[in-house]
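# Residue-level structural notes
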Amino acid sequence: MHAPRSLALALVALASSVAVSGNALPRQHARALGTPPAGLGVRAPGQELVAAAVEQVNDAPEEDLAPVELSHEPREPEVEARNLEKRASAARTAWLNAHNTVRAKHQVPALTYSAELAKYASQNARKCKFAHSGGPYGENLYASTQTSTSVRPNAVKAWADEVSLYDFSKPGYNSKTGHFTQVVWKNTKEVGCAVVDCPNESLGFGGYKGTGQVVFCEYRPPGNYVGATQFKANVLPAK
């Protein structure tokens, strides 16, 4: 069920369309951006080289912000370092749980978390632009006009909800379902994600002041390779 008066926009690099995302907050605009399909083992060209996102710990749930219990009284920098790692670990777990719950439903193996992919997202994040990085990985984007500690499951749910538009009897790429097919792509093994708070204006939410969030998830090997055979083998119906 969608919250009242919510709006979501789904865009892809090759085409754009309007869709309703899951778990949007009231009066919150959210949108998702997925990579176009690829063929012959090469990702499709034409992705705009702009920005990604960086994983920050200040959006972690409150329970993840509590100080870690220690067997001795360390210096203050050590406490902060441990708290930082605890929150980072919670973020990794949240991303994996959100993805692997959907993947298990669609009969494909669980992903592992890649620090390298997360670092790639982080390196491109600081521009706070809602556009593809143009890199060698599969890539899903999501942006919202509000900050939320639930941004991780919200983003993955918005992508996964595109399953309602996917025709398993006619496998293939569709701009309206490209986020979903990347999330469940069987041959993808790793994921690394990032989220950052950004000014709404920089994310393209005209008329919205204040701070929103942008999410980037990178996938390796990438999905959405052109061809019905590829999609039939890698995008399986829910069991």
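Residues numbered from 1 in each chain as written. Predicted model: local features only at pLDDT ≥ 70, side-chain atom pairs only at ≥ 80, totals over all residues. Heavy atoms only, no water.

Per an unreviewed UniProt entry, the protein chain goes by PR-1-like protein and derives from Tilletiopsis washingtonensis.

### Description of helix α1 (residues 76–105)
Taking 1.5 Å of rise per residue, the 30 residues of α1 would be expected to cover 44 Å, and the 44 Å separating its terminal C-alpha atoms lies within 8% of that figure. Every buried residue of α1 is listed here: N83, R87, A91, W95, A98, H99, N100, V102 and R103. Directly beyond the C-terminal end of α1, a positive phi value near 65 degrees is found at Q107. (Helix = DSSP H or I, 4+ residues; strand = E, 2+ residues; numbered from the N terminus. Expected span 1.5 Å × (residues − 1). Buried < 20%, exposed > 50% of the residue type's maximum accessible area, 1.4 Å probe, protein only.)

### Structural notes on the state of the cysteines
The full count for this structure, using the stated rule, is two disulfides. With a sulfur-sulfur separation of 2.1 Å, C128 is cross-linked through a disulfide to C198. Given an S-S torsion of about -75 degrees, the disulfide between C128 and C198 has left-handed geometry. On the criterion of sequence distance, the pair formed by C128 in the loop between α2 (115–123) and β5 (138–144) and C198 in strand β6 (residues 190–199) is long-range, its members being 70 residues apart. (Disulfide = S-S within 2.5 Å.)

### Focus on the packing of aromatic side chains
In total, this model carries five aromatic pairs according to the counting rule given. Arranged with centres 6.4 Å apart and planes meeting at 80 degrees, the rings of F168 and F180 form a pair that is edge-to-face. Taken as a pair, F168 in the loop between α3 (151–160) and α4 (178–184) and F180 in helix α4 lie far apart in primary sequence, twelve residues in all. A connected cluster of aromatic rings, assembled from ring pairs, spans Y166, F168 and F180. (Phe/Tyr/Trp six-rings, centres within 6.5 Å; stacked < 30°, edge-to-face > 60°.)

### Thoughts on the pattern of salt bridges
In a structure, side chains of opposite charge can pair up when their charged atoms sit close to one another. For the coordinates displayed, the defined rule picks out seven salt bridges. Where E80 meets R87, a salt bridge forms, and the shortest distance between an N and an O atom there is 3.5 Å. The class of E80 is partly exposed, set by a relative accessible area of 44%. Of the charged contacts, one joins E116 and R220 as a salt bridge, the two residues approaching to 3.2 Å between their closest N and O atoms. Residue E116 is found in helix α2, and its partner R220 is found in strand β7 (residues 211–220); the two are separated by 104 residues along the sequence. (Salt bridge = Lys/Arg side-chain N within 4 Å of Asp/Glu carboxyl O.)

### Observations concerning α3
With eight of its ten residues buried, α3 lies for the most part within the structure. Those residues of α3 lying buried are V151, R152, N154, A155, V156, A158, W159 and A160.

### Some details on the nonpolar core
Core analysis: the largest hydrophobic core is formed by 25 residues, its most contacted members being Y142, W159, V215, C217, Y219 and V235. Going through the elements one at a time, α1, α3, α4, β6 and β7 are the ones with two or more residues in this core. The element best represented in this core is α3, accounting for six residues. Core analysis: the second largest hydrophobic core is formed by twelve residues, A121, A143, A194 and L203 among them. (Core = buried A, V, L, I, M, F, W, Y, C linked by side-chain atoms within 4.5 Å.)

### Some thoughts on the packing of α1 against α3
Look at α1 against α3: their axes get within 9 Å of each other, and the N-to-C directions meet at 20 degrees. Judged by the inter-axis angle, α1 sits roughly parallel to α3. The crossing of α1 and α3 is right-handed. Between α1 and α3, the contacting residues are A91, A94, W95, A98, H99 and V102 on the first element and R152, P153, V156, W159 and A160 on the second. (Axes fitted to C-alpha atoms, helices over the stretch in contact; angles between N-to-C directions. Parallel < 35°, antiparallel > 145°, perpendicular 65-115°, else oblique. Left-handed = near helix turned anticlockwise from the far one by under 90°. Contact = heavy atoms within 4.5 Å.)

### Re the pairing of β6
In terms of burial, β6 is a largely internal element, seven of the ten residues being buried. Two strands pair when backbone bridges link them, and strand β4 (residues 112–113) and β6 are joined in this way by two bridges, in the parallel orientation. Following the sheet pairing, Y113 is matched in β6 by V191. One ladder, built from ten bridges, connects β6 with β7; its direction is antiparallel. The partner of C198 across the bridge, within β7, is G212. (Pairing = 2+ DSSP bridges.)

### A short note on the environment of Q230
Structurally, the position occupied by Q230 is in helix α5 (residues 228–234). A relative accessible area of 35% means that Q230 is categorised as partly exposed. Taking the C-alpha atoms as reference, Q230 lies 8.4 Å from P171; in sequence the two are 59 residues apart. What Q230 contacts, discounting residues up to four positions off in sequence, is W185 and Y225.

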